[in-house]
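Structural overview for review
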Amino acid sequence: MVWPKIGASAPQEFPVSEVQGEAANAAQIDYWNATAGQTWAHYQAQLDRQIEPLGLEALRSLAARPGERVLDVGCGCGQTTLELAERVGAAGAVTGVDISSPMLAIAEARPVPQGAAQPQFIKYDAQTADLGQGQYDAVFSRFGVMFFNDPVAAFRNLRRALTSNGRLTFVCWRPFAENLWMRAPMEAAQPYLPPSPPMDPTAPGPFAFANPDRVRSILSEAGFCDVSLQAFNTSIGGSSLEQTVDLSLRVGPLGAVLREQPDLAPTVADAVKAAMAAYETPGGVLIPAAVWIVTAQAS
Ligand SMILES: C[S@@+](CC[C@H](N)C(=O)[O-])C[C@H]1O[C@@H](n2cnc3c(N)ncnc32)[C@H](O)[C@@H]1O
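All values derive from a computational prediction rather than experimental measurement.

Attention shifts here to the overall build of the protein. Each helix and strand in the protein was counted, giving eleven helices and eight strands. Radius of gyration (C-alpha) of the protein: 19 Å, near the 19 Å computed for a compact globule of 299 residues. The dimensions of the protein, computed from C-alpha atoms along their principal axes, are 55 × 40 × 40 Å. Counting all 299 residues of the protein, 52% fall into the buried class. Excluding contacts between residues fewer than 6 apart, the proportion of contacts in the protein whose partners are at least 24 apart in sequence is 83%. As presented, the protein carries roughly 12,900 Å² of accessible surface, and 52% of it is formed by carbon and sulfur atoms. Computed over 20 positive and 29 negative side-chain charges, the separation of the two mean positions in the protein equals 4 Å.

This is the structure we're talking about:
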């Protein structure tokens, strides 16, 4: 199996090199500007296809209206920012903020649908940047809010950016064990990987908001009201078996291990392929995913 290095064909750097308030989330800023961000930029089309149904469910819940001003937090390569821009239309406004230059460069280059608001993309740490006060009717995020080193401070900052009757909607992962699209490849690879220390369930990362009590407590402490978490399950993917295996080795916890030890990838790939073959359908590989759709009111 060929294991090409990602990043050589990365797009131009997003033309802002500094992130406001850089110190707080320095580790995540490094992570999302180095290999993880380059991987997400490289696999943008496949990742968008994979997680689009989960973002659409959150967008349905937000129900953005024409003319509204919406902030898309951790907007990455911008798929949801553009979807929001279509929903609010030319009379509205959408801002996507993210810490990742390679992902923002992809977002910036995407065509804006006719009749949509012209989105603005800014390289900001959503926890520490000055996002203004009362600027937005809604704050939205698809998997972009689980990486803050101080989530209460971050959500206070997001709440400050909302109008007094503003609303928050985001989608985040439920536990790793319930997300077979990540668990199945990891379990298949495990016999070939060195032992790793147990994950801290509250450390910044994809599963930091898996515990609903923790999410309620963070949002309440940050001043949000009417916090609600709705479980949503669906199967995601839709790519060929080869593409699915390739992506599984690049993202999530397994991708993080293999980025550190790429020499293990060829061995692991066969085991992952055998595990993923069980989920092959005429519509591509479709694997169960489990998320929370979280909603709250600024006051
Ligand atoms: C899992 S990706 C999701 C990207 C995008 N929302 C999507 O659904 O395709 C997480 C994103 O959160 C961004 N992120 C992490 N910490 C952030 C922070 N403190 N402020 C802004 N963005 C952040 C990352 O750079 C990355 O683009």
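This is not the end of the story, as more comes after the structure.
Looking now at the pairing of strand E4 (residues 136–142). Among the seven residues that make up E4, seven are buried, leaving the element largely enclosed by the rest of the structure. As judged from the three bridges shared by strand E1 (residues 69–73) and E4, these two strands associate in the parallel manner. In the sheet register, Leu71 faces E4, and the bridge partner there is Val139. As paired elements, E4 and strand E5 (residues 162–173) share six bridges and run parallel to each other.

Attention now moves to the pairing of strand E3 (residues 120–123). Only one face of E3 is covered, namely the one carrying Phe121 and Lys123; the face carrying Gln120 and Ile122 has none of its residues buried. Bridge count between strand E2 (residues 93–98) and E3: four bridges; the pairing is parallel. Bridge assignment links Gly96 to a residue of E3, and that residue is Phe121. Taken together, E2, helix H5 (residues 101–109) and E3 constitute a β-α-β crossover, and its handedness is right-handed.

The next thing to look at is the environment of Arg60. Here Arg60 is to be found in helix H3 (residues 44–62). Measuring from C-alpha to C-alpha, the distance between Arg60 and Thr169 comes to 9.9 Å, with 109 residues separating the pair along the chain.

Attention now moves to the site of the ligand. The environment of the ligand is made up of 19 residues, and the closest members are Gly74, Asp98, Asp125, Ala126 and Arg142. At 2.5 Å, a side-chain N or O of Asp98 approaches an oxygen atom of the ligand. For the ligand, a nitrogen atom lies 2.9 Å from a polar atom in the side chain of Asp125. Here the ligand has 590 Å² of accessible area as a free molecule, and 98% of this is covered by the chains. Looking at the shell around the ligand residue by residue, the classes come out as eleven nonpolar, five polar and three charged.

What the rule picks out here adds up to twelve salt bridges. The partner of Arg65 in a salt bridge is Glu68, and the shortest N-O contact between them spans 3.1 Å. The network of salt bridges with shared partners includes Asp48, Arg110 and Arg142.

The rules we used
Residues numbered from 1 in each chain as written. Predicted model: local features only at pLDDT ≥ 70, side-chain atom pairs only at ≥ 80, totals over all residues. Heavy atoms only, no water. Helix = DSSP H or I, 4+ residues; strand = E, 2+ residues; numbered from the N terminus. Rg over C-alpha atoms; globule rule 2.2 N^0.38 Å. Buried < 20%, exposed > 50% of the residue type's maximum accessible area, 1.4 Å probe, protein only. Contact = heavy atoms within 4.5 Å. Areas by Shrake-Rupley, 256 points an atom, 1.4 Å probe, with all protein chains shown as cover. Lys, Arg positive; Asp, Glu negative; His and termini not counted. Charge placed at Lys NZ, Arg CZ, Asp CG, Glu CD. Pairing = 2+ DSSP bridges. Right-handed = clockwise from strand over helix to strand, strands pointing away. Near = heavy atom within 4 Å. Polar contact = N/O pair within 3.5 Å; in protein donor to acceptor, adjacent residues only side chain to side chain. Nonpolar A, V, L, I, M, F, W, Y, C, P; charged D, E, K, R; others polar. Salt bridge = Lys/Arg side-chain N within 4 Å of Asp/Glu carboxyl O.

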